[in-house]
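Residue-level listing of the chains:
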There are 4 protein chains.
Amino acid sequence: MVQLSEDILHKVIKKRPEISHKGTFGRVVLIGGNQQYGGAIIMSAEACIKSGAGLTTVITAEKNHSALHARLPETMVLAFWETTMIYQVLEQADVILIGPGLGLDKTAITLLKGVLKTQKAQQWLVIDGSAISLFSEYNLSLKFPSQTVFTPHQAEWERLSGLSFIEQTDENNRAQQALIGAKIVLKSHRTTIYDDAVSYYQNPLGNPGMATGGMGDTLAGMITGFLAQFEKGMDTIGAAVYLHSLIGDDLSEKNYVVLPTTISEALPRYMKKYAIERK
Amino acid sequence: MVQLSEDILHKVIKKRPEISHKGTFGRVVLIGGNQQYGGAIIMSAEACIKSGAGLTTVITAEKNHSALHARLPETMVLAFWETTMIYQVLEQADVILIGPGLGLDKTAITLLKGVLKTQKAQQWLVIDGSAISLFSEYNLSLKFPSQTVFTPHQAEWERLSGLSFIEQTDENNRAQQALIGAKIVLKSHRTTIYDDAVSYYQNPLGNPGMATGGMGDTLAGMITGFLAQFEKGMDTIGAAVYLHSLIGDDLSEKNYVVLPTTISEALPRYMKKYAIERK
Amino acid sequence: MVQLSEDILHKVIKKRPEISHKGTFGRVVLIGGNQQYGGAIIMSAEACIKSGAGLTTVITAEKNHSALHARLPETMVLAFWETTMIYQVLEQADVILIGPGLGLDKTAITLLKGVLKTQKAQQWLVIDGSAISLFSEYNLSLKFPSQTVFTPHQAEWERLSGLSFIEQTDENNRAQQALIGAKIVLKSHRTTIYDDAVSYYQNPLGNPGMATGGMGDTLAGMITGFLAQFEKGMDTIGAAVYLHSLIGDDLSEKNYVVLPTTISEALPRYMKKYAIERK
Amino acid sequence: MVQLSEDILHKVIKKRPEISHKGTFGRVVLIGGNQQYGGAIIMSAEACIKSGAGLTTVITAEKNHSALHARLPETMVLAFWETTMIYQVLEQADVILIGPGLGLDKTAITLLKGVLKTQKAQQWLVIDGSAISLFSEYNLSLKFPSQTVFTPHQAEWERLSGLSFIEQTDENNRAQQALIGAKIVLKSHRTTIYDDAVSYYQNPLGNPGMATGGMGDTLAGMITGFLAQFEKGMDTIGAAVYLHSLIGDDLSEKNYVVLPTTISEALPRYMKKYAIERK
């Protein structure tokens, strides 16, 4: 077991190469935000853009486009019904996030199945929120290529793995993870990240001021943004998890509740600090 | 009579438990904002979210969803016509606020009656703005369980209680409150809170810079957010009332008019200050 | 001729009475913002609200409601077609502003005629932007009660008065103003305010960084907000004009262009400074 | 070859004339932002307005109007289908920008052809993003009057000029530019500006933190805003390019990724600094 520390940030967050263009930093597709939960995918998009992803398209219910652009003109948008265009942007994506505020209806399951079916060997897929519930809801197969990341909180993990809260020991979680194949970011008081490798990562940070709606959507957006830019793998996921909590802990010094959007706001400054090469 | 003071803040605003999740800090439903008064429920939502409520769903006219999400992606939304979903979220709510900008039409009275009918013993209900007027307008019964809070200003209290401004003495107000059963937050120059207990609370703070549209919507949102997280009862209502005025007084040192949204903006910082345990 | 100075601010901007409520600071109706020029009435509303008006309803094309609420939830809204409601809010208004971004179509002239027809003796009316052009366009009668304020720039004044730029001398302007009866705020490099009294006011402030779209809409909103709260008359109009330029001059110290919304943003702080009673 | 330096800013950014009005600083029309790419034209508009253009109309898909006004009420708007109005505003424009987020569909090509056909001798035209691709896509003639500016990145320039990346030497670029007639702002790691004059400008600034979606839209908006106000020509284009990178470099000192909107935000302050006359 590896205890995450600031080292992971120095290791993962690279100084950007001088010769580069926006494509260098990844093409991302974010899928979520139905009629009711549009805010979720907006928060994911904020975290993704502000962590530095190169080009971000958000696929969300059309009613959410205006609020998204009012906050974040840096995104491109598609509605759920624009099927042809959706498959075009998915085709070119380096990283895909599906789930924040997606809901559980027919549109949601169709999109999820489409994404799973078209995922290519070099594409990473982050599965969060509603999309996790869709697996139990629709009894989908739980066997994934290793470039897949699940980000359940404990209740979602219970439904996904069949492990009750009390059964969610590291040993059991690792056994389940091995069966599923995907990387698991198990969100809790102390988030743990399981991979099919022997080791797994634990996040020592986080605070109860972060227990508020949207915090998970923001983390999912950060993981996606990090995977778009940095070496795709456990370390990069670990860095996103650690930085999310580190900023949250700093903000909680002066704030009773830490609003998720304030974490995204702080990302460019924090990432700069760790990108500077150490002697 | 108890004069509210900073003590109420220290007493009510608890340091959050280390082991907790967003559900720990309450599920809130806010109902209001018709075609004309959408801003009212947006301001309530801002106060509620920024005071730290865990999960907040706003039921409002669909035309308001975009502006709400542009300001506050942390909320979930439902339109007035999504009846099935409305009853699902009401079922799970810890605290419900109805009224800010709700209006007086058929939709409004239908929603109010639905909320009153389905209120459960453990659910708190805050009745503000238009919803107060609906009681006089539609001649509804004024007998409530004690986990109900009315937040009338003096003219609304007149219509509700039948007491003219000049008759609104503490004695008369307390007598009326005893008949109604709900807690009464009577908003005025010096807001007073009446309960069926012997004592009642008076707020010594507040200033005329706060006399601007939306100030009451913000207070209603704060009371709701506080009830979602802290011990449900008079002290918690008193703390919300006191803090609302305290922040307003501080802001008025440098601002001719105190915009309601600037009070909400300051909430996380102020609440942190009082949450730190005293020696 | 009176040269405006800081004295006018100290004289007009009163410390608010301790016992007061939002109605004390005026009910305002702002009419403008068609499909094309929605931003204009949004900027007027910002200036009006942030100068401290008590209750503000904005009548504007429905497509503008969402952007208005996203920036300013403190406003209430009506669409142009909500005729019954429009006449209800006009009935209760203390001050009405018509014109910013209103356009020149049938809806616009209908609204203008409706406002002129229903204006009551105690209601002040500010006529700005498109509404000024409507008078020449539709050949409307130019005879007004003295509680009317026109805010033309020089080209609008030419169309309204028939005076070419070169003929717009103080003498000619005053003669024309006497015929029209309304107060004239003639906007230019050095704005002048004409009344049917002997004296007229000149504004010594202002700078070319303020020459940008929306600056007039902001001034119209400030005049309206000031008339809602302070003694209705020339001094209050003069104070709004002076403060608008004073803030603009201060902002231009550090900004090449002074965006109109940055003036509104600064209003609460500036007004506080002048509201403090002098020894 | 001229290496751009701060001198170009001092030379181009003039102190504004005391006697002036918003028309003095240019009438601008921005065309772009379809259903999917609305954010692009919003970012162009922010750069244009905040660089000080006098009056800005944005022609964009109607679904983008609300987000645009929520961020920037200083703009006027038209939808793509408002043909009569579009030709009216084009008629009066000093500078036109077409392309950011415009897309490649029938509406896009119709607008582009309309703009090219109606461009007048004294009107400058900036062609960016999708509009550049439309030339190759629809095989349009590549012969332009010298008051035309193309702003391709290297891949767009390849499609436009037929020069592969490796063939894009200064010599070849200048030869191609001479054939086309328009000025070319070739965006890359070190942006170069080609004119039919002998000299061409190179920008020594810029950093990889700026490699993110929307950076080009922002530059296009700045070039347009600068051309609206300052002497129309190479120096003014050079100043916009240089300042865009200069602000980007400063922001990158503290930010891992430089969001395009943060560059626009800083424009009024930076431009002020350079507008102050040097001894």
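Residues numbered from 1 in each chain as written. Chains lettered and ligands numbered in written order. Predicted model: local features only at pLDDT ≥ 70, side-chain atom pairs only at ≥ 80, totals over all residues. Heavy atoms only, no water.

Participant: It is not clear to me how the packing of aromatic side chains should be interpreted in this structure. Could you clarify?
Facilitator: Aromatic ring pairs are reported here in terms of the distance separating the ring centres and the angle at which the planes meet. A complete count under the given rule lists 24 aromatic pairs over all chains for this structure. Measuring from ring centre to ring centre gives 5.3 Å for Y194(C) and Y200(C), while their planes differ by 25 degrees; the resulting arrangement is stacked. Across this residue pair, the class does not change: Y194(C) and Y200(C) are buried. Pairwise contacts between aromatic rings join F135(A), F144(A) and F150(A) into one cluster. Positioned above the aromatic ring of F25(B), the side-chain terminus of R16(B) is 3.6 Å from the ring centre. (Phe/Tyr/Trp six-rings, centres within 6.5 Å; stacked < 30°, edge-to-face > 60°. Buried < 20%, exposed > 50% of the residue type's maximum accessible area, 1.4 Å probe, protein only. Lys NZ or Arg CZ within 6 Å of the ring centre and 35° of its normal.)

Participant: Looking at this structure, I do not really get the relation of the copies chain D and chain A. What am I missing?
Facilitator: Both copies of the chain are tied together by a single rotation about an axis and a shift running along it. Rotating chain D by 90 degrees and moving it 0.0 Å along the rotation axis overlays it on chain A with an RMSD of 0.0 Å. The operation mapping one copy onto its partner corresponds to a four-fold rotation axis. When C-alpha positions in chain D are compared against the rotation axis, the closest is assigned to A70(D), at 4.3 Å. Different-surface contact between copies: only 10% of interface residues of chain D are shared with the interface of chain A. (Least-squares fit on C-alpha atoms with pLDDT ≥ 70 in both. Contact = heavy atoms within 4.5 Å.)

Participant: Got a minute to help me understand the sheet that holds strand β7 (residues 148-150) of chain C in this structure?
Facilitator: In sheet architecture, strand pairing relies on hydrogen bonds along the backbone and comes in two forms, parallel and antiparallel. All names here are of chain C. Read from one edge of the open sheet, 10 strands run β1-β10-β9-β8-β7-β6-β5-β2-β3-β4, paired in mixed fashion. For this open sheet the edge positions go to β1 (2-3) and β4 (76-78), each flanked by a neighbour on one side alone. Here strand β9 (residues 192-194) runs beside strand β10 (residues 200-202); their pairing, made up of three bridges, is antiparallel. For Y194, the partnering residue across the bridge sits in β10 and is Y200. The sheet strands contacting helix α2 (residues 38-50) are β2 (27-31), β3 (55-59) and β5 (95-98), and the helix crosses β2 at an angle near 165 degrees. The strands touched by helix α5 (residues 106-118) within the sheet are β2, β5 and β6 (124-127), with β5 carrying the most contacts at an inclination of about 155 degrees. (Pairing = 2+ DSSP bridges. Helix = DSSP H or I, 4+ residues; strand = E, 2+ residues; numbered from the N terminus. Axes fitted to C-alpha atoms, helices over the stretch in contact; angles between N-to-C directions.)

Participant: Looking at this model, I keep getting lost on the interface of chain D and chain A. Mind explaining?
Facilitator: How big an interface is tends to be expressed through the accessible area that disappears when the partners come together. Across the contact, 30 residues belong to chain D and 38 residues belong to chain A. Between chain D and chain A, a total of about 2,600 Å² is buried, with carbon and sulfur atoms accounting for 59% of that surface. Across the contact surface, chain D and chain A share zero salt bridges. Put simply, chain D and chain A have 13 residue pairs in polar contact (both at pLDDT 80 or more) between them. Elements represented by at least two residues in the side of chain D that touches chain A include exactly α2 (38-50), α3 (65-71) and α11 (260-275) of chain D. Take the side of chain D that touches chain A: its biggest share by element is five residues, from α2(D). Its residues assigned to classes, the side of chain D that touches chain A comprises 12 nonpolar, 13 polar and five charged. (Buried area = accessible area lost by both parts, 1.4 Å probe. Salt bridge = Lys/Arg side-chain N within 4 Å of Asp/Glu carboxyl O. Polar contact = N/O pair within 3.5 Å; in protein donor to acceptor, adjacent residues only side chain to side chain. Nonpolar A, V, L, I, M, F, W, Y, C, P; charged D, E, K, R; others polar.)

Participant: What exactly am I supposed to notice about the side chain of T75(B) here?
Facilitator: Residue and element names in this part refer to chain B. With respect to the helices and strands, T75 occurs in the loop between α3 (65-71) and β4 (76-78). Residue T75 is classed as buried on the basis of its relative accessible area, which comes to 1%. If we ignore the near neighbours within four places in the chain, the residues touching T75 are A45, I49, T56, V58, L68 and H69.

Participant: Mind showing me how you'd approach the UniProt feature "binding site: (6S)-NADPHX" (unreviewed entry) in chain A here?
Facilitator: The UniProt record marks A40(A), G101(A), H153(A) and D217(A) with the feature "binding site: (6S)-NADPHX" (unreviewed entry), using the residue numbering of this structure. Along the chain, A40(A) falls in helix α2 (residues 38-50). The class of A40(A) is buried, set by a relative accessible area of 11%. Ignoring any residue separated from it by four or fewer positions in sequence, one finds A40(A) in contact with P100(A), G101(A), D217(A) and P73(B). With respect to the element layout, H153(A) can be found in the loop between β7 (148-150) and α7 (154-161). Those residues in contact with H153(A) that sit more than four places away from it in its chain are L186(A) and K187(A). (UniProt positions renumbered as here; feature names shortened; annotations may be inferred.)

Participant: Is there a simple way to explain the packing of helix α5 (residues 106-118) of chain A against helix α6 (residues 130-137) of chain A in this structure?
Facilitator: What describes two packed helices is the angle between their axes and the distance between those same axes. Residues and elements named next belong to chain A. Look at α5 against α6: their axes get within 10 Å of each other, and the N-to-C directions meet at 95 degrees. In terms of orientation, α5 and α6 fall into the roughly perpendicular class. Here α5 contributes A108, I109, L112 and L116 to the contact with α6, which in turn contributes A131, L134 and F135. Of the residues belonging to the contact of α5 with α6, the class tally is seven nonpolar, no polar and no charged. (Parallel < 35°, antiparallel > 145°, perpendicular 65-115°, else oblique.)

Participant: Can you walk me through helix α10 (residues 234-252) of chain A in this structure?
Facilitator: Three- or four-residue spacings in an α-helix give side chains the same orientation, since the helix completes a turn every 3.6 residues. With 19 residues, α10(A) ought to run about 27 Å at 1.5 Å a step, and its terminal C-alpha atoms sit 27 Å apart, in line with that. Within α10(A), 17 of the 19 residues are buried, leaving the element largely enclosed by the surrounding structure. (Expected span 1.5 Å × (residues − 1).)

Participant: Got a minute to help me understand unusual backbone geometry in this structure?
Facilitator: Excluding glycine, residues mostly carry a negative phi; peptide bonds, for their part, are mostly trans. Residue and element names in this part refer to chain B. Of note in this structure, N139 is not a glycine but carries a positive phi near 55 degrees. Its location among the elements puts N139 in the loop between α6 (130-137) and β7 (148-150). Owing to a relative accessible area of 71%, N139 belongs among the exposed residues under this scheme.

Participant: Explanation requested: the packing of helix α9 (residues 215-229) of chain C against helix α11 (residues 260-275) of chain C in the structure shown.
Facilitator: Residue and element names in this part refer to chain C. For the pair α9 and α11, interaxial distance at closest approach is 9 Å and the crossing angle is 30 degrees. In terms of their interaxial angle, α9 and α11 are classed as roughly parallel. Viewed along their axes, α9 and α11 form a crossing whose handedness is right-handed. On α11, the residues touching M215, T218, M222 and F226 of α9 are P260, I263, S264, L267 and M271. Here the contact of α9 with α11 is composed, by residue class, of seven nonpolar, two polar and no charged. (Left-handed = near helix turned anticlockwise from the far one by under 90°.)

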